[in-house]
Amino acid sequence: MQQRSVVVVGAGITGLWQALTLARRGHRIRLVEQSTAPFADAASRLAGAMLAPFCEAEAAEPVVRDLGLQSLALWRGTFPGVTARGTLVVAGTRDRAELVRFARMTEGFDKLDAEQLDVLEPGLGGRFAAALYYPDEAHMAPTEAMSFLLDAARSAGVKVSFGTRWGGESQAADIVIDCRGLAARGELAGLRGVRGERVVVRTREVELTRPVRLLHPRHPLYVVPWPDGLFMIGATVIESEDSSSVTVRSALDLLSMAYALHPAFGEAEIIELGAGVRPAFADNVPKIVVRGRHIHVNGLYRHGFLMAPALAALVADYLDKGTADARVFLFE
Ligand SMILES: Cc1cc2nc3c(=O)[nH]c(=O)nc-3n(C[C@H](O)[C@H](O)[C@H](O)COP(=O)(O)OP(=O)(O)OC[C@H]3O[C@@H](n4cnc5c(N)ncnc54)[C@H](O)[C@@H]3O)c2cc1C
């Protein structure tokens, strides 16, 4: 294998995985990030960091599930902070049809009745008559995971430069891997932003051990338990590149659905309201766009944590062996 000198641009979840994977394969890597503080400008910072290949298949192309499953294995082999307790999907009594529809669109679940649900997740307090349980899914705390990857990349020999805005130069590298997210939209036809808003709350009154998705025809919601009594309540999906603060309407929708999931969220402390913009192509499937020595990895949409490890492995295989998975590679 030929050792290459590679510049990876952007230290979001995509760039971190690229840098780490290529360094571990023996390449010489420089990771360049414009923000001075790690992750400050990355959409990745806002993620719930669920690894949910089966649940996401409800609305995503099969490649998202397939590469997502590969990523799950890569995460588990790399980051000890992955919590692998699956996902629960529930619906209120009036929305039972949503649960039937969700089951029809997905696989990899067990159907639970009220009693089984109570045993598995007592914190839901007997509030739902039925649930779908996806045992093979996982989640993590996003900034903890990104900090881990950054440290691991440095230990693998990656030279990291924060506060360095890349302006198109190759810095004498053999290859540039461009993971700038939405900032690359001028160069990638069809790349758009999809706004996502979330609320982080803290309460000791709710005990959940895995992400729970509450289905609803207009306002589906998920709650992800993080350490120290924190819960991430998310997320809106709005066709807009506006990254300004969370609107009152979205905050009301998110918080009232969380209250519907468990009334004890009514007493929770609001820690943070945040909005980010997900980079996405028209089909919401990520792409590896090869233009000679410049390779874009972008469009990870709702699936940055879910897809980044597998995409990094694909780029490394392309550089080392010349293989290219037609589902995600484009040559221009
Ligand atoms: C509310 C919300 C919830 C989400 N939940 C999940 C989830 O549960 N699971 C999941 O898998 N995904 C989730 N996502 C999606 C995930 O966050 C995105 O897919 C992911 O952030 C995309 O990562 P990225 O590294 O491609 O882009 P980014 O994270 O935006 O990183 C791009 C980086 O490039 C840097 N950059 C830009 N221009 C330059 C330049 N010229 N020079 C140097 N650096 C530059 C930026 O500063 C930034 O740090 C969620 C997203 C949102 C908004």
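Residues numbered from 1 in each chain as written. Predicted model: local features only at pLDDT ≥ 70, side-chain atom pairs only at ≥ 80, totals over all residues. Heavy atoms only, no water.

## Some details on the pairing of strand 1 (residues 5-9)
In terms of burial, strand 1 is a largely internal element, 5 of the 5 residues being buried. Here strand 1 runs beside strand 2 (residues 28-32); their pairing, made up of 5 bridges, is parallel. In the strand pairing of strand 2, Val7 is matched with Arg30. The parallel pair strand 1 and strand 2, bridged by helix 1 (residues 13-24), forms a crossover whose chirality is right-handed. As paired elements, strand 1 and strand 9 (residues 175-178) share 4 bridges and run parallel to each other. (Buried < 20%, exposed > 50% of the residue type's maximum accessible area, 1.4 Å probe, protein only. Helix = DSSP H or I, 4+ residues; strand = E, 2+ residues; numbered from the N terminus. Pairing = 2+ DSSP bridges. Right-handed = clockwise from strand over helix to strand, strands pointing away.)

## Regarding the site of the ligand
In the neighbourhood of the ligand, 36 residues make up the surrounding shell, with Thr14, Glu33, Ser44, Tyr301 and Arg302 lying closest. A distance of 3.2 Å separates an oxygen atom of the ligand from a polar atom in the backbone of Ile13. At a separation of 3.0 Å, an oxygen atom of the ligand approaches a polar backbone atom of Ala43. Contact with the protein chains removes 97% of the 1000 Å² of surface that the ligand exposes when unbound. (Near = heavy atom within 4 Å. Polar contact = N/O pair within 3.5 Å; in protein donor to acceptor, adjacent residues only side chain to side chain. Areas by Shrake-Rupley, 256 points an atom, 1.4 Å probe, with all protein chains shown as cover.)

## Side note on the packing of helix 3 (residues 62-78) against helix 8 (residues 304-321)
Orientation of helix 3 relative to helix 8, taken along the N-to-C sense of each, is 85°, at an axis distance of 7 Å. Between helix 3 and helix 8, the interaxial angle falls into the category roughly perpendicular. Along the contact surface, helix 3 presents Val63, Val64, Leu67, Gly68, Gln70, Ser71, Leu74 and Trp75, while helix 8 presents Phe305, Leu306, Met307, Ala308, Pro309, Ala310, Leu311, Ala313 and Leu314. In terms of residue class, the contact of helix 3 with helix 8 is made up of 14 nonpolar, 3 polar and no charged. (Axes fitted to C-alpha atoms, helices over the stretch in contact; angles between N-to-C directions. Parallel < 35°, antiparallel > 145°, perpendicular 65-115°, else oblique. Contact = heavy atoms within 4.5 Å. Nonpolar A, V, L, I, M, F, W, Y, C, P; charged D, E, K, R; others polar.)

## Description of the side chain of Ser5
Position of Ser5 relative to the elements: it lies in strand 1. Not counting residues within four places of it along the chain, the set of residues in contact with Ser5 comprises Arg28, Ala172, Ala173, Asp174 and Ile175.

## Here's the deal with the packing of aromatic side chains
By the definition in use, this model includes 10 aromatic pairs. On the basis of an interplanar angle of 85° and a centroid distance of 6.2 Å, the ring pair of Phe102 and Tyr134 is categorised as edge-to-face. With Phe102 in helix 4 (residues 96-105) and Tyr134 in strand 6 (residues 130-134), this pair connects stretches of sequence that are 32 residues apart. Each member of the pair, Phe102 as well as Tyr134, carries the same accessibility label: buried. When the ring of Phe329 is compared with that of Phe331, the centres are 5.9 Å apart and the planes differ by 15°; the resulting orientation is stacked. (Phe/Tyr/Trp six-rings, centres within 6.5 Å; stacked < 30°, edge-to-face > 60°.)

## Here we look at the packing of helix 1 against helix 8
In a pair of packed helices, the angle between the axes and the distance between the axes together describe the arrangement. Contact pair helix 1 / helix 8: the axes reach a minimum separation of 8 Å and the direction vectors enclose 40°. Classed by the angle they form, the pair helix 1 and helix 8 counts as oblique. Regarding helix 1 and helix 8, the two cross each other, and that crossing is right-handed. On helix 8, the residues touching Ile13, Thr14, Trp17, Gln18, Thr21 and Leu22 of helix 1 are Gly304, Phe305, Ala308, Pro309, Leu311, Ala312, Ala313, Val315, Ala316 and Leu319. Of the residues belonging to the contact of helix 1 with helix 8, the class tally is 12 nonpolar, 4 polar and no charged. (Left-handed = near helix turned anticlockwise from the far one by under 90°.)

## Some thoughts on the domain arrangement of the protein chain
In terms of domains, the protein chain is made up of domain 1 (5-51 + 141-185 + 283-331) and domain 2 (87-135 + 192-280). Placing the centre of domain 1 and that of domain 2 at their C-alpha centroids yields a distance of 29 Å. Contact residues are listed per partner, giving 18 residues for domain 1 and 21 residues for domain 2. When the area that domain 1 buries against domain 2 is broken down by residue, the three leading residues are Leu46, Met50 and Tyr301, summing to 38%. For the interface between domain 1 and domain 2, the tally reads 6 residue pairs in polar contact (both at pLDDT 80 or more). Residue classes in the side of domain 1 that touches domain 2 are distributed as 9 nonpolar, 5 polar and 4 charged. (Domains from an automatic or database assignment. Buried area = accessible area lost by both parts, 1.4 Å probe.)

## Things to note about the sheet that holds strand 12 (residues 221-225)
Where strands meet in a sheet, backbone hydrogen bonds hold them as pairs that are either parallel or antiparallel. With mixed pairing, 8 strands are arranged side by side in an open sheet as 5-6-4-11-12-13-10-14. Only two strands of the sheet have a single partner each, and these edge strands are strand 5 (110-113) and strand 14 (269-280). Taking each pair of neighbouring strands and ignoring which way they run, the sheet shows an average axis angle of 25°. As defined by bridge partners, strand 10 (residues 192-202) adjoins strand 13 (residues 230-234) across 5 bridges and the pair is classed as antiparallel.

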